[in-house]
Amino acid sequence: MQGVTIVDHPLVQHKLTKMRDRTTSTKTFRALMRETATLLCYEVTRDLPMDAIEIETPVAATSARVIAGKKLVFAPILRAGLGMAEGMLDLVPSARVAHIGLYRDPESLEAVEYYFKAPADVAGRLVIVVDPMLATGHSAIAAIARLKAAGVTDLRFVCLLAARIGVETLRAAHPDVPIWTAAIDAELNDHGYIVPGLGDAGDRTFGTR
Ligand code: URA
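Residues numbered from 1 in each chain as written. Predicted model: local features only at pLDDT ≥ 70, side-chain atom pairs only at ≥ 80, totals over all residues. Heavy atoms only, no water.

Draft legend 1. Region of the structure containing the overall build of the chain. For the chain, the count of helices and strands is six helices and 15 strands. Relative to the globule expectation of 17 Å for 209 residues, the C-alpha radius of gyration of the chain, 18 Å, shows essentially globular dimensions. Taking all 209 residues of the chain together, 45% fall into the buried category. Here the analysis covers contacts within the chain between residues at least 6 apart in sequence; of these, 64% occur between residues at least 24 apart. When the accessible surface of the chain is totalled, it reaches about 10,700 Å², and 53% of it is carbon and sulfur. (Helix = DSSP H or I, 4+ residues; strand = E, 2+ residues; numbered from the N terminus. Rg over C-alpha atoms; globule rule 2.2 N^0.38 Å. Buried < 20%, exposed > 50% of the residue type's maximum accessible area, 1.4 Å probe, protein only. Contact = heavy atoms within 4.5 Å. Areas by Shrake-Rupley, 256 points an atom, 1.4 Å probe, with all protein chains shown as cover.)

Right, dumping it as structure tokens:
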């Protein structure tokens, strides 16, 4: 599908399988979430524009490459996105963070905003929205719309696991926002959970069930 990258790396797939396993402990799940997010971050930043700068090595003067532009912003959707953001910050520790608080109305499955705090100059930066599960797509669509309302024009979305319907719905709502995911599962159940999925990513990350 256009605008969708499936990160099919063996390390990512192996870790995802362990996360899907219901017998995986909270401690291990949280560690795997962080490690997988680091690997996904490597892929989502693969084509960042670069500048050449002049430096001196201990041996000679040379031209060398650095990432161009302002620092990245990671925008985790609370609360499950926090576990992923940690792993992305491991790789890009100077990134800024925008927190987006959304909960799913249990009846309508629509996203309701309860918190938003972004860097003052977020509009001029590349923002990577982070949520482990792309299920109905409602939360991702609302988070991206909120960031666009704040003036952001350069956006990417990264998740661990997506449902096909979520990918299609997000692509239709925000065709300018490319998606990275480790896998796409076929279905959602009546409660909006991805099947086979991995359960509730927030509960499994924070041990709340
Ligand atoms: N959110 C989750 O945590 N899990 C799902 O399967 C769907 C949405």
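So much for the structure itself; the text now carries on.
Draft legend 2. Region of interest: the site of the ligand. Around the ligand sit Arg104, Met133, Ala135, Gly192, Tyr193, Ile194, Gly199, Asp200 and Ala201, and that is every residue in its neighbourhood. Contact distances for the ligand include 2.8 Å between an oxygen atom and a backbone N or O atom of Ile194. Within the contact set of the ligand, an oxygen atom lies 2.7 Å away from a backbone nitrogen or oxygen of Ala201. Relative to its free-state accessible area of 230 Å², the ligand is covered by the protein chains to the extent of 89%. Of the residues belonging to the shell around the ligand, the class tally is five nonpolar, two polar and two charged. (Near = heavy atom within 4 Å. Polar contact = N/O pair within 3.5 Å; in protein donor to acceptor, adjacent residues only side chain to side chain. Nonpolar A, V, L, I, M, F, W, Y, C, P; charged D, E, K, R; others polar.)

Draft legend 3. Main features of helix H4 (residues 138–149). With 12 residues, H4 should cover 16 Å at 1.5 Å per step; its first-to-last C-alpha distance of 16 Å lies within 8% of that length. Within H4 the residues assigned to the buried category are Ser139, Ala140, Ile141, Ala143, Ile144 and Leu147. Count one or two residues on from H4 and you reach Gly151, which has phi positive near 100 degrees. (Expected span 1.5 Å × (residues − 1).)

Draft legend 4. Seen up close, unusual backbone geometry. Cis geometry marks the peptide bond from Leu78 to Arg79; its omega dihedral reads 0 degrees. Position of Arg79 relative to the elements: it lies in the loop between strand S4 (73–78) and helix H3 (81–91). Between Val195 and Pro196 the backbone carries a cis peptide bond, its omega angle lying at 5 degrees. In this structure, Pro196 sits in the loop between strand S15 (194–195) and helix H6 (201–206).

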